Structures are given as structure tokens and as C-alpha cells.
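# Chains, contacts and geometry: an overview
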Amino acid sequence: MRHYNHVIRFAIILTAVLIGFFAVRGFIVPESFGVYGTYMYGYHRGNSDSEEAAQPILYYGSDKCRKCHEKLYEQESQAGHSKIACESCHANWQAHNNNTRNKVLKNGSIEACMQCHKKLSARPAAFPQITDIKQHMDDQEQEFEKGMECLDCHDPHEPL
Amino acid sequence: MNKDRRNFIKQTGWSILGGGLLISVFPLLPGSAHASKNKNHIFAFIVDIEKCIGCGKCVNACIKENSVPNDFYRTWVERYHILENGEVIVDSPDGGSDGFKPQEFKHKVEKAFFVPKLCNHCKKPNCVQVCPVVATYVSKEGVVLVDDKHCVGCSYCVQACPYGARFINPETRTADKCTWCYHRIKKGYKPACVLVCPTGARQFGRIDDPESPVHKTVKEKMLQILKPETGNEPMTMYLGLDKEVR
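Residues numbered from 1 in each chain as written. Chains lettered and ligands numbered in written order. Predicted model: local features only at pLDDT ≥ 70, side-chain atom pairs only at ≥ 80, totals over all residues. Heavy atoms only, no water.

### Considerations on the interface of chain A and chain B
- Between chain A and chain B, the contact holds 40 residues from the first and 54 residues from the second.
- Note on chain A versus chain B: buried area summed over both sides is about 3900 Å², and carbon and sulfur give 59% of it.
- A per-residue breakdown of the area chain A buries against chain B is headed by Y41, Y59 and Q115 of chain A, which together make up 20% of the total.
- Taken together, chain A and chain B are joined by three salt bridges. (Contact = heavy atoms within 4.5 Å. Buried area = accessible area lost by both parts, 1.4 Å probe. Salt bridge = Lys/Arg side-chain N within 4 Å of Asp/Glu carboxyl O.)

### Brief notes about the side chain of E78 of chain B
All names here are of chain B.
- Inspection of the secondary structure assignment puts E78 in strand β2 (residues 76-83).
- Only 3.0 Å separates the side chain of E78 from the side chain of W76, close enough to count as a polar contact.
- In this structure, E78 is in contact with V90, D91, S92, F100, F113, F114, V115, K117 and R246, ignoring residues within four places of it in sequence. (Helix = DSSP H or I, 4+ residues; strand = E, 2+ residues; numbered from the N terminus. Polar contact = N/O pair within 3.5 Å; in protein donor to acceptor, adjacent residues only side chain to side chain.)

### Examining the sheet that holds strand β4 (residues 109-117) of chain B
Residues and elements named next belong to chain B.
- Taken in spatial order, the three strands of this open sheet run β3-β2-β4, and their pairing is antiparallel. Either end of the sheet is taken by a strand with one partner, and the two such strands are β3 (88-91) and β4. Taken pair by pair, the neighbouring strands of this sheet meet at an average axis angle of 20°, ignoring direction.
- One ladder, built from four bridges, connects β2 with β3; its direction is antiparallel. Its bridge partner being in β3, Y80 is matched across the sheet by V90. (Pairing = 2+ DSSP bridges. Axes fitted to C-alpha atoms, helices over the stretch in contact; angles between N-to-C directions.)

### Some thoughts on the packing of aromatic side chains
- Taken as a whole, this structure holds 10 aromatic pairs over all chains when the rule is applied.
- Relative to F22 of chain A, the ring of F21 of chain A has its centre 5.2 Å away and its plane inclined at 75°; by these criteria the two rings are edge-to-face.
- Owing to a relative accessible area of 52%, F22 of chain A belongs among the exposed residues under this scheme.
- Ring plane angle 15° and centroid distance 5.2 Å describe the contact between F43 of chain B and F204 of chain B, whose orientation is recorded as stacked. Linking F43 of chain B in strand β1 (residues 43-48) with F204 of chain B in strand β9 (residues 202-206), this pair joins segments that are 161 residues apart in sequence. Neither F43 of chain B nor F204 of chain B differs from the other in exposure class; each is buried.
- Clustering of aromatic rings is evident, with ring pairs tying together F43, F45, W180 and F204 of chain B.
- A cation over an aromatic ring shows up here: K64 of chain A above the ring of Y60 of chain A, its NZ or CZ 5.0 Å from the ring centre. (Phe/Tyr/Trp six-rings, centres within 6.5 Å; stacked < 30°, edge-to-face > 60°. Buried < 20%, exposed > 50% of the residue type's maximum accessible area, 1.4 Å probe, protein only. Lys NZ or Arg CZ within 6 Å of the ring centre and 35° of its normal.)

### A look at a nonpolar patch on the surface
- Taken together, F10, L14, L18, F21 and F22 of chain A make up a surface patch of nonpolar side chains, about 540 Å² in accessible area.
- Here L18 of chain A is to be found in helix α1 (residues 5-28). (Patch = residues over 30% accessible without salt bridge, like charges linked within 9 Å, V, L, I, M, F, W, Y side chains within 5 Å. Areas by Shrake-Rupley, 256 points an atom, 1.4 Å probe, with all protein chains shown as cover.)

### Brief notes about the pattern of salt bridges
All names here are of chain B.
- Inspection of every chain in the model, using the stated rule, returns 15 salt bridges over all chains.
- Note that D176 and R74 form a salt bridge whose closest N and O atoms lie 2.6 Å from each other. Placement of D176 in strand β8 (residues 174-176) and of R74 in the loop between α2 (57-65) and β2 is noted, with a sequence separation of 102 residues between them.
- We classify D176 as buried; its relative accessible area is 10%.

### Section: the sheet that holds strand β10 (residues 236-239) of chain B
Residues and elements named next belong to chain B.
- Pairing in this open sheet of three strands is mixed, and the strands run β9-β1-β10 from one edge to the other. Looking along the sheet, the strands with just one partner apiece sit at the ends: β9 and β10. Along the sheet, successive strands turn relative to each other by an average axial angle of 25°, direction set aside.
- As defined by bridge partners, β1 adjoins β9 across five bridges and the pair is classed as antiparallel. Residue F45 lies in a different strand from β9, and its bridge partner there is F204.
- Together, β1, β9 and β10 form the strand contacts of helix α7 (residues 213-220), whose direction differs from that of β9 by roughly 95°.

### So, the environment of R184 of chain B
- Along the chain, R184 of chain B turns up in helix α5 (residues 182-185).
- When the C-alpha atoms of R184 of chain B and V59 of chain B are compared, they prove to be 16 Å apart, with 125 residues separating the residues in sequence.

Next up, the structure:
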């Protein structure tokens with residue numbers, strides 16, 4: 001019997017270690033871990049992608065605006081700005097939807113137009129650009145007056 | 001002597017056989033199959049450099065849609081100026097979120113263009129491989145995501161990404177990056193940056209869907225990717241990319 005003592009002792013320690021390992025592992029490893037995906041790139045906590053997908057949406061696209069601003073929608077889809085989503089120039093839909101009285105961003109300043117139309121060397125040459133409003137007036141052979149704005153001549157929804 | 005050699009040859013033979021058998025079994029194990037054979041990379045993002053006007057609407061929409069903290073960007077726009085003397089000047093003030101101002105140079109500008117950047121959602125992402133706690137992964141759809149409940153913020157992935165697409169979010173103290181607006185695309189909406197792009201320089205969709213805007217482009221056009229030498233196999237692809245872009 002004496003000869004087996006060390007074996008038994010070892011077996012007890014091993015069992016203790018194993019139980020400890022699985023107990024700790026059960027604590028640490030989250031639920032649904034590794035349910036989906038392959039080992040190399042896809043291994044993950046199963047709920048984390050649905051948690052990510054549950055984030056609220058803010059931008060909904062121009063179709064949402066159509067319901068109440070039908071006329072402007074039609075007007076815009078005719079003209080040079082037809083490819084631009086309403087929310088590109090205005091605030092996101094969610095802010096407006098929560099309260100239509102909320103002041104939606106509607107910036108008609110020169111800077112707002114120039115963010116897209118300022119002449120830059122890096123812009124594609126085919127894109128309609130202007131150097132500044134004064135130059136633009138000279139090109140039209142018009143007198144430039146102080147306080148002139150883009151919206152004096154252009155409708156943001158139907159620019160030409 | 002003779003016997004020794006015989007034994008040696010015998011043992012070597014068995015070892016080679018055994019080793020070979022072991023290696024041949026590996027591909028059968030779940031998950032060790034080659035990632036690019038996976039059929040789950042169904043989405044592609046295409047950036048058309050010749051259409052980008054650098055207005056920064058995409059950067060702004062991304063910040064709002066995803067509540068990105070100040071001074072960090074999930075997507076940003078870089079401006080490249082290539083001068084006559086070969087000099088390359090890149091700038092991206094505030095990630096390009098307020099557009100760009102005209103710039104003057106001593107030398108003549110040969111070429112100039114904008115390069116929108118975002119997470120490349122690679123097929124073989126370095127960032128995923130280095131994560132010590134399996135908090136970042138490729139989803140069923142081929143989108144690289146971060147599990148922010150599990151991330152410990154060690155920023156290994158931030159360093160591993162060859163495109164600089166990741167950062168540590170100062171609010172959550174976890175890794176953060178573009179998700180291709182996973183919460184939107186799961187519900188059938190375009191990513192926010194694609195929605196607000198006025199010129200259609202950003203396109204996103206399923207490759208296998210003939211109705212999707214990227215289907216034809218992927219099938220017919222010449223596409224390029226950033227840093228192909230890193231072997232990450234990005235799913236964000238570029239039209240009209242210059243060799244100086246990195």
C-alpha cells in the first residue's frame with residue numbers, strides 16, 4: 001500500500017486542480033461564447049453581434065421626408081441636387097421626428113454651399129465649382145453687392 | 001553499427017509517416033479551414049476617388065450616427081497633393097469633417113485628389129488575430145466587429161491594423177472602429193456615410209445581389225485595394241486609386 005501513496009496524492013491534487021480550473025472557467029467565459037463562427041476569425045460571444053445591431057438608427061434617408069415634404073421632394077428630384085439626400089444638408093431624421101417643431105439645421109450661408117462648391121485643386125474637374133461669390137458675379141457679368149448670398153439666385157432644392 | 005543505422009532509418013521513417021498523418025488531419029478540424037474560402041464575405045464597400053469632392057458630409061454623418069467621441073474618426077477623408085518635384089503632401093484637418101480649404105504650394109500641383117478612408121473589413125484581419133481575449137471577430141456577414149463588453153482595451157489591435165482604422169474610445173476605454181454601420185445594414189439601410197454622400201463616391205451592398213449598387217462594379221470594373229502586401233484581403237475597394245496612396 002505504501003507504494004501507492006504518492007499516486008493517490010497526485011490523483012487528489014489533479015482532481016482538485018481540474019475542478020478548480022473548470023469552476024474558474026465557468027465564471028470567466030461568458031454565456032453564448034463561441035456559439036457561432038470558426039476558430040480563426042469568427043470565434044466570439046454569440047450575443048455581441050445582435051447587441052451591436054440593436055443600436056438606434058438616426059439617418060433614415062429621403063424617403064422618410066417625402067411623406068410630409070412631398071413638394072420639396074419632387075422639386076429636388078428634378079434638379080441638379082437630385083442625388084443628394086435631404087439629410088446631407090439638414091439634421092438627421094431622428095432629431096426631427098422626435099419633434100417636428102425642433103429647429104432642423106437649415107444652413108443657407110455661403111459657407112454651407114462652399115463646403116461642396118468651393119474651387120479646390122483636389123476636386124474632380126467636372127464638378128461645378130466657383131472660386132468665390134465675387135468671381136462668380138463677374139462671370140455672370142453682374143455687379144457684386146455686399147451681403148449677397150447664394151440663395152438670392154439659387155434655390156437649394158433646385159439650384160438651376 | 002549496422003543495426004544502429006537500421007534502427008535510425010526505421011525510426012525516421014515512422015516519424016515522417018506519423019508527422020504527415022498529423023498534419024493531414026489538421027484541415028479537418030473545425031475552423032482551421034482557410035478563411036478566404038468562407039462564403040460569408042457577402043458585402044463590399046466601394047470608394048470612387050474620381051467622384052469624391054471632399055465635402056466631409058460622410059465624416060459628420062458617421063460621427064453623429066455612431067456617437068464617435070471628439071477628435072476620433074471611424075471614417076475620414078485625406079487630401080493628396082502630388083507636386084511636380086515628386087513631393088506628396090497629405091492633409092486631413094479634423095478628419096475632413098468640415099471640408100477643405102484651398103492650399104498654395106511653391107511647386108506646381110501635378111495631381112490632387114481626395115481619399116476617403118474607413119475600416120477595410122478584411123477577409124484575413126490582422127487585428128482579429130492578435131486579440132488576446134477574442135473580443136474582436138468577423139461576423140457571419142463578413143463584418144469585423146468589436147465586442148465592447150469583452151474588450152480589455154489593450155490596443156494590440158490598434159497597432160496591428162495596417163490601415164490605422166482603429167482607436168481606443170476614451171469613453172468606453174475599449175477598441176472602436178467603423179462597423180459599416182452594422183445596426184443599419186442589418187435592417188436594410190445603407191451605412192450613414194453612403195446615405196449622405198452627394199456624389200455617389202461611396203457605394204455599399206451585397207456582392208451576390210444583382211440589384212445592389214456594388215454588384216456590377218465588383219464584377220466589371222478594375223478595383224484596387226490598399227496595401228495588398230499585408231495580405232489582409234480588404235473588402236473595402238477603390239476605383240481610381242493612385243500609387244502614392246497608402
